[in-house]
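Structural overview
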Amino acid sequence: MMIYNVFGRFIGVKPATHGWQVFRVDMTERKFSRLYDIIIPDELTEAEIPLWLGDIYHEAASEHSPDVTRVE
């Protein structure tokens, strides 16, 4: 699973049979909760996912968390 720091939130993305699955990630306890309301189009590549997440969550950007970065 790829884990991203998305403006201070940890979001996990993993490939599935049909596209991508998205998870909320608790980095302290290493727990994952599936997010069904966030859809990543099947045709997006792994390299395009951070831009897509940035577009979805851009309102959460702040001075302390201005970017989307891959953690793992």
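To keep things clear, this report deals only with the structure shown in the data block. Throughout, residues of each chain are indexed from 1 in the direction in which the sequence is written. Residue-level local features of this predicted model are given only where pLDDT is at least 70; pairs of side-chain atoms are given and counted only at 80 or more, and the full residue set underlies all totals for whole chains, interfaces and linings. Excluding hydrogens and water, the side-chain values take into account all heavy atoms of the structure.

1. Quick notes on unusual backbone geometry
At F7, a position not held by glycine, the phi torsion is positive, near 55 degrees. A helix here means a DSSP run of H or I that spans at least four residues, while a strand means a run of E at least two residues long, and both kinds are numbered starting from the N terminus. Tracing the sequence through the fold places F7 in the loop between strand 1 (2-6) and strand 2 (9-16). The backbone phi angle of R30 is positive, close to 55 degrees, even though this residue is not glycine. Along the chain, the position of R30 falls in the loop between strand 3 (19-26) and strand 4 (31-35). Buried, partly exposed and exposed residues are distinguished by accessible area as a fraction of the type maximum, computed with a 1.4 Å probe on protein chains only: under 20%, between the cut-offs, and over 50%, respectively. Since its relative accessible area comes to 39%, R30 is described here as partly exposed.

2. Some remarks on the pattern of salt bridges
By salt bridge we mean one thing: a side-chain nitrogen of Lys or Arg within 4 Å of a carboxyl oxygen of Asp or Glu. On inspection of all chains with the given rule, the structure shows 3 salt bridges. E72 is the salt-bridge partner of R30, the closest N and O atoms lying 3.0 Å from each other. Of this pair, R30 sits in the loop between strand 3 and strand 4 while E72 sits in the segment after strand 5 (68-70), placing them 42 residues apart in sequence. Between E46 and R70 there is a salt bridge; the shortest N-O distance is 2.9 Å. Of this pair, E46 sits in the loop between strand 4 and helix 1 (49-57) while R70 sits in strand 5, and the two are 24 residues apart along the sequence.

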